[in-house]
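Inside the fold
Each chain is listed here by its residues.
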Amino acid sequence: MMTKFLRFVFATMAIALLAGFNYEAFSDNLPKKDKIDIERALYDQGNGSVNRTLDVVVDAFYDSTFQLLEISCYGLGETSVYVLDSHHHVMNSLQFHSEEQPVVCLATPDAKGYYYLVLEAAGFYGEGQFKVE
């Protein structure tokens, strides 16, 4: 009885260890998302400004595998997003309402280099940099 129990324990541990090693081996194929640090500024712009009673949430990630930006924000209202090259030329843009569509994706340029992600809304400006390799 005890030997059956020990075999069961060792078999379970072996399976768990193999599963862990296999995850590490295949994790290189998983999409890599790099967080983009967004420097933000809230400013008063009259009646259309950001509602200060709501928390403003802004996060952005660059997915190098699929060459996409994933932007999630809430509390901004009507928002414009731009991808600018190093010469500040607009490479891609998108407009959305953050409460209706809190997560959006935007394609990044194919050319290698540094780019800027800019978010603008009434009473809000945010900017971050990412690198396409």
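Shown above is the structure to which this text applies.
Reading the values: the criteria
Residues numbered from 1 in each chain as written. Predicted model: local features only at pLDDT ≥ 70, side-chain atom pairs only at ≥ 80, totals over all residues. Heavy atoms only, no water. Helix = DSSP H or I, 4+ residues; strand = E, 2+ residues; numbered from the N terminus. Buried < 20%, exposed > 50% of the residue type's maximum accessible area, 1.4 Å probe, protein only. Salt bridge = Lys/Arg side-chain N within 4 Å of Asp/Glu carboxyl O. Core = buried A, V, L, I, M, F, W, Y, C linked by side-chain atoms within 4.5 Å. Pairing = 2+ DSSP bridges. Axes fitted to C-alpha atoms, helices over the stretch in contact; angles between N-to-C directions.

**Regarding the overall build of the protein**
Counting its secondary structure elements, the protein contains one helix and nine strands. Mapped from its N terminus to its C terminus, the protein presents α and β elements in the order α-β-β-β-β-β-β-β-β-β. Looking at the protein residue by residue over its 133 residues, the buried ones come to 29%.

**Overview of the pattern of salt bridges**
For the coordinates displayed, the defined rule picks out three salt bridges. Residues Lys-33 and Glu-70 are paired through a salt bridge, measuring 2.8 Å at the closest nitrogen-oxygen approach. In this pair, Lys-33 is assigned in strand β1 (residues 33-36) and Glu-70 in strand β4 (residues 68-74), connecting sequence segments 37 residues apart. Classification of Glu-70 as partly exposed rests on a relative accessible area of 26%. In this structure, the salt-bridge partner of Asp-59 is Lys-35, at a minimum N-O distance of 2.9 Å. Taken together, the residues Asp-59 in strand β3 (residues 57-63) and Lys-35 in strand β1 connect sequence positions 24 residues apart. Given a relative accessible area of 48%, Lys-35 falls into the partly exposed group.

**Some details on the nonpolar core**
Core analysis: the biggest nonpolar cluster contains 22 residues, and Ile-36, Val-58, Leu-69, Ile-71, Leu-117, Leu-119 and Phe-130 have the highest contact counts within it. When residues of this core are traced back to their parent elements, those giving at least two are β3, β4, β5 (78-84), β7 (103-107), β8 (113-121) and β9 (124-132). Examining the composition of this core, we find that four residues originate from one element, β8, more than from any other.

**Brief notes about the sheet that holds β3**
The strand order across the open sheet built from four strands is β1-β3-β4-β7, with neighbouring strands paired in antiparallel fashion. Pairing within the sheet leaves two strands with one partner each, and these edge strands are β1 and β7. When strand polarity is set aside, the average angle formed by the axes of neighbouring strands in this sheet is 25 degrees. As paired strands, β4 and β7 are joined by five bridges and run antiparallel to one another. Across the sheet, the residue bridging to Ile-71 is Val-104, located in β7.

**What to know about the sheet that holds strand β6 (residues 90-97)**
Strand order across the open sheet formed by five strands is β2-β9-β8-β5-β6, with antiparallel pairing between neighbours. Taken across any chain shown, the strands that pair with only one partner, and hence form the sheet edges, are β2 (39-42) and β6. Across the sheet, the axes of successive neighbouring strands diverge by a mean angle of 15 degrees, strand direction being ignored. Judged from the nine bridges that link them, β8 and β9 form a sheet pairing that is antiparallel. Paired with Glu-120 across the two strands is Tyr-125, which belongs to β9.

**Thoughts on unusual backbone geometry**
The phi torsion at Gln-67 lies on the positive side, around 50 degrees, for a residue other than glycine. With respect to the helices and strands, Gln-67 occurs in the loop between β3 and β4. Within the chain, His-88 stands out as a residue other than glycine whose phi angle is a positive 65 degrees. On the secondary structure map, His-88 appears in the loop between β5 and β6.

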